[in-house]
Amino acid sequence: MKKASVIINSVIFALVLIVTTFMISGVNFMSRSDEVRAFTAANLGALKYFTTDSNILAGIVALIYVIVETRKKELSQRASLFIHCLKLAATSGVTLTMLVTIFFLIPQFGDDWLVLFIDNNLFFHLIVPILSIVAYIFFEPEAKVITFAQSLFGIIPMLVYAVFYTINIIVHLGNGMPLKEYDWYGFLGDKITNAFIAIPLMLIITWAIVLALWWANRKKSA
């Protein structure tokens, strides 16, 4: 279990590091026709997307996991619990990213849905989330120490991002309406009041994902 966890988390960290470097540098490593362009952002502008932020968090937490798993000294119970909660939050974040891509973005893109899986998107929308889910459910039994109440920790990244996303829209309203360039996911449509629906809904969906991962981990670790 420990060896498999170290290997998978090492791969996750390496992929996130490489892909993030390519993305910030504006490097495209997959060929595509001129008519099909990747749904992505280059340079530091990519950090505005939850996809990028959640994957970077997953990469950082994966590195922490590798360091903890390979060191000889045992962590305190509190420190160990905190790291497991971080792992649950990070895994939930990239899982949410994958599910939003599949069920929300693909229908919007229609026949051009493949752009969602080109270049860094292939890794951030699919490969890293799948590796993170597999590692958490099947190879990290120690995470079962997380209680039902503590699972709420898993929604913190989404909560922080939702606050940032909404405030950024509010300070850039055009004639009292959200502008597409700031509501880049299109969650609010043309009404700022939709935030009262969109944010709670996203948090509920995120917690549902958290609980699904939490339950699956405990079930597998039983």
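Residues numbered from 1 in each chain as written. Predicted model: local features only at pLDDT ≥ 70, side-chain atom pairs only at ≥ 80, totals over all residues. Heavy atoms only, no water.

A. Representation of the packing of aromatic side chains. Overall, the coordinates contain 10 aromatic pairs when judged by the stated rule. Their ring planes at 70° and their centres at 6.1 Å tell us that tryptophan 113 and phenylalanine 117 sit as a pair that is edge-to-face. Under the relative-accessibility criterion, tryptophan 113 is labelled partly exposed at 39%. By relative accessible area, which is 13% here, phenylalanine 117 ends up buried. Ring geometry for phenylalanine 148 and tryptophan 214: centres 5.9 Å apart, planes at 70°, overall edge-to-face. Placement of phenylalanine 148 in the loop between helix H4 (120–139) and helix H5 (156–170) and of tryptophan 214 in helix H6 (residues 195–221) is noted, with a sequence separation of 66 residues between them. Positioned above the aromatic ring of tyrosine 65, the side-chain terminus of lysine 87 is 5.1 Å from the ring centre. (Phe/Tyr/Trp six-rings, centres within 6.5 Å; stacked < 30°, edge-to-face > 60°. Buried < 20%, exposed > 50% of the residue type's maximum accessible area, 1.4 Å probe, protein only. Helix = DSSP H or I, 4+ residues; strand = E, 2+ residues; numbered from the N terminus. Lys NZ or Arg CZ within 6 Å of the ring centre and 35° of its normal.)

B. Quick peek at H6. The terminal C-alpha atoms of H6 lie 38 Å apart, and with 27 residues this matches the ideal 39 Å at 1.5 Å per residue to within 8%. Along H6, the residues that are buried comprise Ala195, Ala198, Met202, Leu203, Thr206, Ile209, Val210, Leu213, Trp214, Ala216, Asn217 and Ser221. Those residues of H6 that are buried are in contact with helix H3 (77–109), H4 and H5. (Expected span 1.5 Å × (residues − 1). Contact = heavy atoms within 4.5 Å.)

C. Spotlight on the side chain of threonine 95. Tracing the backbone shows threonine 95 in helix H3. Threonine 95 gets classed as buried once you look at its relative accessible area, which sits at 6%. Sequence-distant contacts of threonine 95, defined by excluding residues within four places in its chain, comprise Ile133, Ile209 and Leu213.

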